[in-house]
Amino acid sequence: MEKLVQLTMSGIANGAIFALVALGFVLIYKSSDVINFAQGELLLIGAYLTYMTVEQIGIWWPAGVVVAVLLAAVVGVLIETLVLRPLIGEPTISVIMVTIGLSSLLRAIVGAIWGVTPRPAPQFLPRDTVTIFGASVGVDKVWAIFLALLLFALLTLFFRFSREGIAMRAVADDQQAALSMGISVKRVWAVAWAIAAVTAAVGGILLMSIFGGVSGSIARVGLLVFPVVILGGLDSIPGAIIGGLIIGLLQSYAGGYLPPELGMGEVVPFIILLLILLVRPYGLFGQRIIERV
Amino acid sequence: MQSGTFHTTYAADMALRPYWPQRLRIALVLVAVLVFPWFADRYWLNLANTIAIAAIGAIGLNILVGYTGQISIGQGGFMAVGAFSAGLMAARLGMPMWLTVPIASLFTAFVGAFFGLPSLRLKGLYLAIATLAAQEIITWVLTHGKLLGIGESLSIPRETSNLFGIPMTAIGNPDFAFYWVTVGCLIVTVIFVSNLFRSRAGRAFVAIRDQDIAAQVIGVDLFRYKLLAFATSSFFAGLAGALTAHYRGIISWERFTIDTSILYLAMIIIGGLGSVSGSIYGAAFITLLPALLSNLARLLSGVVPQINSYLPYMQQGAFGLAIILFLIFEPEGIVKMWRNVKDYFRLWPFSY
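Residues numbered from 1 in each chain as written. Chains lettered and ligands numbered in written order. Predicted model: local features only at pLDDT ≥ 70, side-chain atom pairs only at ≥ 80, totals over all residues. Heavy atoms only, no water.

Peer 1: Mind showing me how you'd approach the overall build of chain B here?
Peer 2: A tally of helices and strands in chain B yields 14 helices and four strands. Computed over the C-alpha atoms, the radius of gyration of chain B is 21 Å, within 12% of the 20 Å expected from 2.2 N^0.38 for a compact globule of 352 residues. By principal-axis analysis of the C-alpha atoms, chain B measures approximately 60 × 55 × 45 Å. A buried classification covers 52% of the 352 residues belonging to chain B. Within chain B, residue pairs in contact and separated by at least 24 positions form 77% of the contacts whose partners lie at least 6 positions apart. Surface exposure of chain B reaches about 16500 Å², of which carbon and sulfur atoms provide 69%. For chain B, the distance from the average site of its 22 positive side-chain charges to the average site of its 14 negative ones is 6 Å. (Helix = DSSP H or I, 4+ residues; strand = E, 2+ residues; numbered from the N terminus. Rg over C-alpha atoms; globule rule 2.2 N^0.38 Å. Buried < 20%, exposed > 50% of the residue type's maximum accessible area, 1.4 Å probe, protein only. Contact = heavy atoms within 4.5 Å. Areas by Shrake-Rupley, 256 points an atom, 1.4 Å probe, with all protein chains shown as cover. Lys, Arg positive; Asp, Glu negative; His and termini not counted. Charge placed at Lys NZ, Arg CZ, Asp CG, Glu CD.)

Laid out in structure tokens, this is it:
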């Protein structure tokens, strides 16, 4: 029971972070049909920017986090305008490859500035443990879940009530119609990348805090975004959240209950990915518009 | 200079290289390839071998991605299958290279066809993600290789690297001896693949790429030809992997991660999708780029002493930047740039 609760909590915490990262991915895909292989690097950038503002420059940490997140948003917009915009209308493989090239470039930039050795991270989340159902669980995990939920709530409000949010929904629904109603699709794409960078940055900061350090391995989470979004449905925001939680839990259980030397935690998400693709490629909540062969 | 197509016979029309400038260029390249190893030192021979092996892998991937239009991010995994099956046959059974390499390539073709099964239901980016999963699963099998009896790495006994009983050492130093093997395999691959796309199967691949539904309507069996494309492509991936195993003498899974898959995708994108010569240019470009940068760093290290610690990032960054710049400014790759140069001279001085 104790192990179950612990595994569940860390699964949900990881899942919430996956969901955050997947959310950005889905937003970009919905608004511009771009598959972003550089999502993991956006996490990396968010984490290292926070490291820079809080640890290296020494800004009071809540302010430092805000500055870092804003900087991450700027990076997102820059990527969209400089790299993705010239490729509008190019075939899928070109768009996939350009984001892959981007991920390599971003990793190189981060490596050149901060090196590859893991560095101790600034501690934001409290390190103590609480007892839930007789199992001791790190408070940082609870905080991670709470913060992710908060961000989801904010984003929901944004999509529901703000002008930009409604424009984004319109573009995702029908780009032609949105264009003819005077919505700037380019602006929507830029906002989508900004939000994706922000959610990824928050995910990166939470991961950094849970790991207790920043290193290049944070970008590895970027690959896990694929099982999550395929499970949830590529174009579904609730799907990203639920898919993230399911993948997080399964990974946690597989890593905790199966023999550790198998390292099942790493491969289970990808086995699920293959199964989902074969059985139900549009995922749990995605629209069934996949072209079948 | 030839300024148009003036064929008078069917044979001339069907020829692979009908014009004398093309034949002259091929003859010159062949002479250069034959003369090169006698003058090059081991550093350059090593680079040439790496390029030849990479070119085989890139041509293989191009069959799948460039000609058949099935995006694959699993090339590294398929090369690993070829490398490790050849390595295991050599290390455990003591089989010689001229047996392990073809068997490993055939085995990889089967594995590739198996992982190509999702392509019957998926296309475009969904297939890409499925091959990504294949890559991760193959990597996982290798890292938990106790099941297969592999440790962290696998060393291949040198004496298995012989050609029909003649040990490689009889020919010269390993880099020199392997040059003939790798370049020989590359030439066979180039001839085979260039002719493949003049055959029924190759035409079917191209039809599937251009419009799969239309291809099916005119009678192309999608099921059969897609699997065939995966199998042919993986055969060459396996060949490249098996050659890597014998050439390096020691292999570990780290050589065949998703980064390798990306490297090969970059080669064919930069070289030119759907082009055999483009795959070779791309392989050469991607292999020479880091070597060039490290030579540059060595030259500059007197002026800027810290440059060596930044070298890995420079190489990685240059790789990413090369992909991005090519996609934005020359999406058809080096092959198109080369064609522009040829056209310029052919049409000069009336360029329009």
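Here the narrative resumes.
Peer 1: Honestly, the nonpolar core in this entry has me stumped. Any pointers?
Peer 2: Buried together is how nonpolar side chains tend to be arranged in soluble globular proteins. Among the nonpolar cores identified, the biggest contains 198 residues, and Ile35, Met97, Phe226, Ile230 and Leu234 of chain A are the most heavily contacted of them. When residues of this core are assigned to their parent elements, the largest contribution, 17 residues, is made by helix H8 (residues 185–211) of chain A. Look past the residues within four positions of Leu234 of chain A in its chain and what remains in contact with it is Phe25, Val26, Tyr29, Ile35 and Val229 of chain A together with Leu125 and Tyr126 of chain B. Counting five residues, the second-largest nonpolar core is a separate cluster that includes Val5, Met9, Ala13 and Ile145 of chain A. (Core = buried A, V, L, I, M, F, W, Y, C linked by side-chain atoms within 4.5 Å.)

Peer 1: Looking at this model, I keep getting lost on the side chain of Thr139 of chain B. Mind explaining?
Peer 2: Residues and elements named next belong to chain B. On the secondary structure map, Thr139 appears in helix H6 (residues 125–143). The buried category is assigned to Thr139, whose relative accessible area is 12%. A distance of 2.7 Å separates the side chain of Thr139 from the backbone oxygen of Gln135, its partner in a polar contact. When residues no more than four places from it in sequence are discounted, the contact partners of Thr139 are Trp253 and Phe256. (Polar contact = N/O pair within 3.5 Å; in protein donor to acceptor, adjacent residues only side chain to side chain.)

Peer 1: Whenever I open this one, the interface of chain B and chain A confuses me. Can you help?
Peer 2: How big an interface is tends to be expressed through the accessible area that disappears when the partners come together. Every contact between the two is made by 43 residues of chain B and, on the other side, 48 residues of chain A. Roughly 4100 Å² of surface becomes buried between chain B and chain A when both sides are summed, with 76% attributable to carbon and sulfur atoms. Of all residues in chain B, Arg121, Tyr126 and Tyr313 of chain B bury the most surface against chain A, accounting for 18% of the area lost on that side. Between chain B and chain A we count one residue pair in polar contact (both at pLDDT 80 or more) in total. (Buried area = accessible area lost by both parts, 1.4 Å probe.)

Peer 1: What is the right way to look at the packing of aromatic side chains in this model?
Peer 2: We describe a pair of aromatic rings using the distance from one ring centre to the other and the angle between the two ring planes. All names here are of chain B. What the rule picks out here adds up to 24 aromatic pairs over all chains. Considering the side-chain rings of Phe176 and Trp180, the 5.9 Å spacing of their centres and the 85° angle between planes classify their relative orientation as edge-to-face. Taken together, the residues span about one helical turn, with Phe176 and Trp180 both in helix H7 (residues 174–196) at a distance of four residues. With relative accessibility at 11%, the residue Phe176 sits in the buried group. On the accessibility criterion, Trp180 (29% relative accessible area) is partly exposed. Ring-pair connections join several aromatic residues into one group, and the members of that group are Phe36, Trp38, Phe176, Tyr179 and Trp180. (Phe/Tyr/Trp six-rings, centres within 6.5 Å; stacked < 30°, edge-to-face > 60°.)

Peer 1: Could you clarify how one ought to interpret the packing of helix H1 (residues 2–32) of chain A against helix H5 (residues 139–161) of chain A in this entry?
Peer 2: Each packed pair of helices is defined by two parameters, the angle between the axes and the distance between the axes. Residue and element names in this part refer to chain A. Where H1 meets H5, the axes come as close as 8 Å, and the angle between the chain directions of the two elements is 30°. The pairing of H1 with H5 is recorded here as roughly parallel in orientation. For the pair H1 and H5, the sense of crossing is left-handed. Where H1 abuts H5, its residues Met9, Ser10, Ile12, Ala13, Ala16, Ala19, Leu20, Leu23 and Leu27 lie against Lys141, Val142, Ile145, Ala148, Leu151, Phe152, Leu155 and Phe159. When its residues are assigned to classes, the contact of H1 with H5 shows 15 nonpolar, one polar and one charged. (Axes fitted to C-alpha atoms, helices over the stretch in contact; angles between N-to-C directions. Parallel < 35°, antiparallel > 145°, perpendicular 65-115°, else oblique. Left-handed = near helix turned anticlockwise from the far one by under 90°. Nonpolar A, V, L, I, M, F, W, Y, C, P; charged D, E, K, R; others polar.)

Peer 1: Just checking my understanding: could you explain the packing of helix H11 (residues 258–271) of chain B against helix H13 (residues 307–329) of chain B for this structure?
Peer 2: Residues and elements named next belong to chain B. One way to put it is that H11 packs onto H13 with a least axis distance of 10 Å and a crossing angle of 35°. Of the two possible hands of crossing, H11 and H13 adopt the one that is left-handed. Residues Ile262, Leu263, Ala266, Ile269 and Ile270 of H11 form the contact with H13, whose participating residues are Phe319, Ala322, Ile323, Phe326 and Leu327. Taken together, the residues that form the contact of H11 with H13 break down as 10 nonpolar, no polar and no charged.

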